[in-house]
Amino acid sequence: MNYELWILGLHLFVTLWSFIIHNSKFIILLYMKSIFIAYDQAYQEKILFTLDHFNCRGFSMFPQIQGRGSKTGEPHYGSHAWPSMCSAILTIVRDEQVDPLLEELHRIDKETERLGLRAFVWNVEKTI
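The structure reproduced in this document is the subject of the present report. Everything quoted here is computed from the prediction, not taken from an experiment.

**Brief notes about the pairing of strand β1 (residues 32–40)**
Item 1. β1 sits mainly inside the fold: 7 of its 9 residues count as buried.
Item 2. Sheet topology places β1 next to strand β3 (residues 86–94); 9 bridges connect them, and they run antiparallel. Bridge pairing links K33 to V93 in β3.
Item 3. When β1 meets strand β4 (residues 117–123), the two strands line up antiparallel, connected through 7 bridges. Pairing of S34 across the sheet is with W122, part of β4.

See the structure below:
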């Protein structure tokens, strides 16, 4: 192996490790995701239980929202014609929590697909 190349690799490793040590908050953010969960109000207890089960402690809840799914299902407008309503939760989780949580939400949705449950995942860019 070329000696200069080995020294350059070692230098890059030390520089990166130093950056990680001094900017650990930045590294933590790289592995955080936000999950927006929109669901029929009938799912309320199941969703809260699922978040507790997967240690998703922090979230913001939007208890009464209106909406209509993009694929199937009935509108949720809270009106005489369409009386049901939706709720939504926005939670921030570690990257490794995303897939198991989405799998469980998908399982819940499959039990009663007509009610409607959707989840969307975004990267967390910054936080205070």
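The rest of the description comes next.
**Regarding the layout of surface pockets**
Item 1. Put simply, the largest pocket is a space of about 380 Å³.
Item 2. Forming the walls of the largest pocket are 22 residues, and the residues nearest its centre are A38, R68, G69, S70 and R118.
Item 3. Those elements that place two or more of their residues in the lining of the largest pocket are β1 and β4.
Item 4. Lining the second largest pocket are L102, L105, H106, D109, K110, E113, L117, R118 and A119.

**A look at helix α3 (residues 44–53)**
Item 1. Buried within α3 are the following residues: Q44, I47, T50 and L51. Mapping the buried residues of α3 onto a view down its axis gives an arc of 135°, with all of them on the same face. Structural note: α3 exposes E45, F49, D52 and H53 on the side pointing more than 90 degrees away from its buried face.
Item 2. On the buried face of α3, the contacting elements are β1, β2 (59–65), β3, α4 (95–111) and β4.
Item 3. Positive phi shows up at N55, right after α3, with a value of about 60°.

**Observations concerning unusual backbone geometry**
Apart from glycine, the bulk of residues carry a negative phi angle, and the bulk of peptide bonds sit in the trans form.
Item 1. Despite not being glycine, N55 shows a phi value in the positive range, around 60°.
Item 2. For N55, the location among the structural elements is in the loop between α3 and β2.
Item 3. Residue N55 is classed as exposed on the basis of its relative accessible area of 63%.

**A short note on the nonpolar core**
A general tendency of soluble globular proteins is for nonpolar side chains to be buried together.
Item 1. Formed by 14 residues in total, the largest nonpolar core has its most connected members in I37, Y39, I47, L51 and L117.
Item 2. Of all the secondary-structure elements, those providing two or more residues to this core are β1, α3, β3 and α4.
Item 3. Tallying contributions element by element places α4 first for this core, with 4 residues.
Item 4. When sequence neighbours within four positions are dropped, the list of residues in contact with L51 reads I37, C56, F59, I89, T91 and L101.

**A few points about the sheet that holds β2**
Item 1. If you walk across this open sheet you meet the 4 strands as β2-β3-β1-β4, and the pairing is antiparallel. Looking at which strands have only one partner, the edges of the open sheet turn out to be β2 and β4. For this sheet, the mean inter-axis angle between neighbouring strands, taken without regard to orientation, is 15°.

**Some words on the pattern of salt bridges**
Item 1. On inspection of all chains with the given rule, the structure shows 6 salt bridges.
Item 2. Across the pair E96 and R94 runs a salt bridge whose closest N-O atoms are separated by 2.7 Å.
Item 3. The partner of R107 in a salt bridge is E111, with the nearest N and O atoms 2.5 Å apart. Highlighted residues: R107 and E111, both in helix α4, separated by 4 residues, approximately one helical turn.
Item 4. One salt-bridge network, in which partners are shared between bridges, spans K46, E104, R107 and E111.

Criteria and cut-off values
- Residues numbered from 1 in each chain as written.
- Predicted model: local features only at pLDDT ≥ 70, side-chain atom pairs only at ≥ 80, totals over all residues.
- Heavy atoms only, no water.
- Buried < 20%, exposed > 50% of the residue type's maximum accessible area, 1.4 Å probe, protein only.
- Helix = DSSP H or I, 4+ residues; strand = E, 2+ residues; numbered from the N terminus.
- Pairing = 2+ DSSP bridges.
- 1 Å grid on protein atoms, 1.4 Å probe; cavity = no way out; pocket = protein on both sides within 12 Å on 5 of 7 lines; lining within 4 Å.
- Points joined across faces, edges and corners; volume = space filled by probe spheres on them.
- Arc of directions from axis to C-beta.
- Contact = heavy atoms within 4.5 Å.
- Core = buried A, V, L, I, M, F, W, Y, C linked by side-chain atoms within 4.5 Å.
- Axes fitted to C-alpha atoms, helices over the stretch in contact; angles between N-to-C directions.
- Salt bridge = Lys/Arg side-chain N within 4 Å of Asp/Glu carboxyl O.

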